[in-house]
Amino acid sequence: MLNNKQIRRCLDVFAEMFPDAKGELNHSNPFELLIAVVLSAQCTDKLVNKVTATLFKKYQKPEDYVSVPLEELQNDIRSIGLYRNKAKNIQKLCQAIIEDYDGKVPETRDELMKLAGVGRKTANVVASIAFNEPAIAVDTHVERVSKRLGICRWKDSVREVEETLMRKVPKEEWTITHHRMIFFGRYHCKARNPNCPECPLLDLCREGKKRMKQIS
DNA sequence: AACTCGGGGCA
DNA sequence: TGCCCAGAGTT
């Protein structure tokens with residue numbers, strides 16, 4: 001496990017490598033953002049943006065999503081994959097927003113997580129982007145990077161990873177750190193072929209050192 | 001904790 | 001072709 005000073009160094013390296021890291025899902029409208037983030041599970045933001053470009057012309061309010069047959073909505077989002085469950089969840093979620101939240105997207109993580117298709121990660125992303133609530137959403141990249149570097153333990157659950165990060169990272173840096181760690185995981189500390197030889201954090205990364213040993 | 005959903009992107 | 005992806009729900 002890394003100490004506070006080492007974690008500080010990790011954050012500084014992330015900042016140096018990806019100073020302007022930012023997600024591609026940026027919708028000023030909280031409802032559209034929510035839909036976009038729900039759609040983004042297990043697929044890239046670029047693909048989601050391609051779908052929402054036309055989707056949001058046809059559907060604007062929660063009522064629009066529940067007024068069409070399930071099969072039609074499924075067909076409209078087919079190209080992103082996992083489309084059957086996502087369409088079902090979106091109809092459920094819209095129904096709940098209409099009935100329980102007066103047609104408006106709830107603004108806290110706990111309320112967001114009650115919605116169909118909204119888990120911990122999605123709730124954090126929506127809360128931080130749409131409602132400016134500091135958050136560290138733990139996706140596969142954030143989890144992998146945290147575990148490899150030793151910011152948290154290997155066995156930690158997603159929830160434990162999130163709690164550790166929120167405890168160790170200054171609150172005002174939560175959201176930007178989330179984005180930077182995703183970039184770090186996506187372009188440098190990749191799942192399959194991490195670039196350990198050129199990693200500025202190699203000296204404090206137990207996983208990196210282990211990998212370097214295997215290579216040589 | 002393991003399994004399923006899934007088409008698109010990329011090597 | 002094969003393999004994975006900015007997850008969530010169910011068993």
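As recorded by an unreviewed UniProt entry, chain A carries the name Endonuclease III and is attributed to Compostibacillus humi. One UniProt comment on chain A, placed under Sequence similarities (unreviewed entry), says "Belongs to the Nth/MutY family." The UniProt entry for chain A carries the following comment under Catalytic activity (unreviewed entry): "2'-deoxyribonucleotide-(2'-deoxyribose 5'-phosphate)-2'-deoxyribonucleotide-DNA = a 3'-end 2'-deoxyribonucleotide-(2,3-dehydro-2,3-deoxyribose 5'-phosphate)-DNA + a 5'-end 5'-phospho-2'-deoxyribonucleoside-DNA + H(+)".

(A) Region of interest: the overall build of chain A. Of the regular secondary structure elements, chain A holds twelve helices and zero strands. Mapped in sequence order, the helices and strands of chain A form the string α-α-α-α-α-α-α-α-α-α-α-α. Relative to its length of 216 residues, chain A is compact, with a C-alpha radius of gyration of 19 Å against a globular reference of 17 Å. Summarising its shape, the C-alpha atoms of chain A cover approximately 60 × 30 × 30 Å along the three principal directions. Counting the 216 residues in chain A, one finds 47% classified as buried. Taking the intrachain contacts of chain A between residues at least 6 apart in sequence as the baseline, contacts between residues at least 24 apart amount to 61%. Charge-centre separation for chain A: the mean point of 37 positive side chains lies 8 Å from the mean point of 29 negative side chains.

(B) Just empty space enclosed by the protein, in detail. The final tally for this structure, using the stated rule, is one cavity of 30 Å³ or more. Estimates place the volume of the largest cavity at around 100 Å³. Surrounding the largest cavity, 14 residues form its lining, Cys189, Cys196, Cys199, Cys205 and Gly208 being those nearest its centre. Taken together, the elements giving at least two residues each to the lining of the largest cavity come down to α9 (140-149), α11 (174-188) and α12 (206-215). Sort the elements by how many residues they give to the lining of the largest cavity and α12 lands first, with three residues.

(C) Inspection of the UniProt feature "domain: HhH-GPD" (unreviewed entry) in chain A at higher detail. UniProt feature "domain: HhH-GPD" (unreviewed entry): in the numbering of this structure it lies at residues 39-187. Annotation note: span residues 39-187, helix share 64%, strand share 0%, distance between end C-alpha atoms 23 Å.

(D) Region of interest: a positive patch on the surface. Side chains of Arg78, Arg84, Lys88 and Lys92 sit close together on the surface and give a patch of like positive charge. In this fold, arginine 78 is placed in the loop between α5 (70-76) and α6 (83-100). Using a relative accessible area of 42% as the deciding quantity, one classes arginine 78 as partly exposed.

(E) Representation of the domain arrangement of chain A. Each assigned domain of chain A is listed with its residue range as follows: domain 1 (4-20 + 137-215) and domain 2 (30-130). Computed over C-alpha atoms, the centres of domain 1 and domain 2 are 29 Å apart. Contacts between the two partners involve eight residues from domain 1, matched on the other side by six residues from domain 2. Between domain 1 and domain 2 the total buried area reaches about 660 Å² when both faces are included, carbon and sulfur atoms providing 54% of it. Among the residues of domain 1 in contact with domain 2, Ala137, Arg159 and Glu162 are the three that bury the most area, contributing 50% of the side total. At the junction of domain 1 and domain 2, the tally comes to one salt bridge.

Scoring rules and cut-offs
Residues numbered from 1 in each chain as written. Chains lettered and ligands numbered in written order. Predicted model: local features only at pLDDT ≥ 70, side-chain atom pairs only at ≥ 80, totals over all residues. Heavy atoms only, no water. UniProt positions renumbered as here; feature names shortened; annotations may be inferred. Helix = DSSP H or I, 4+ residues; strand = E, 2+ residues; numbered from the N terminus. Rg over C-alpha atoms; globule rule 2.2 N^0.38 Å. Buried < 20%, exposed > 50% of the residue type's maximum accessible area, 1.4 Å probe, protein only. Contact = heavy atoms within 4.5 Å. Lys, Arg positive; Asp, Glu negative; His and termini not counted. Charge placed at Lys NZ, Arg CZ, Asp CG, Glu CD. 1 Å grid on protein atoms, 1.4 Å probe; cavity = no way out; pocket = protein on both sides within 12 Å on 5 of 7 lines; lining within 4 Å. Points joined across faces, edges and corners; volume = space filled by probe spheres on them. Patch = residues over 30% accessible without salt bridge, like charges linked within 9 Å, V, L, I, M, F, W, Y side chains within 5 Å. Areas by Shrake-Rupley, 256 points an atom, 1.4 Å probe, with all protein chains shown as cover. Salt bridge = Lys/Arg side-chain N within 4 Å of Asp/Glu carboxyl O. Domains from an automatic or database assignment. Buried area = accessible area lost by both parts, 1.4 Å probe.

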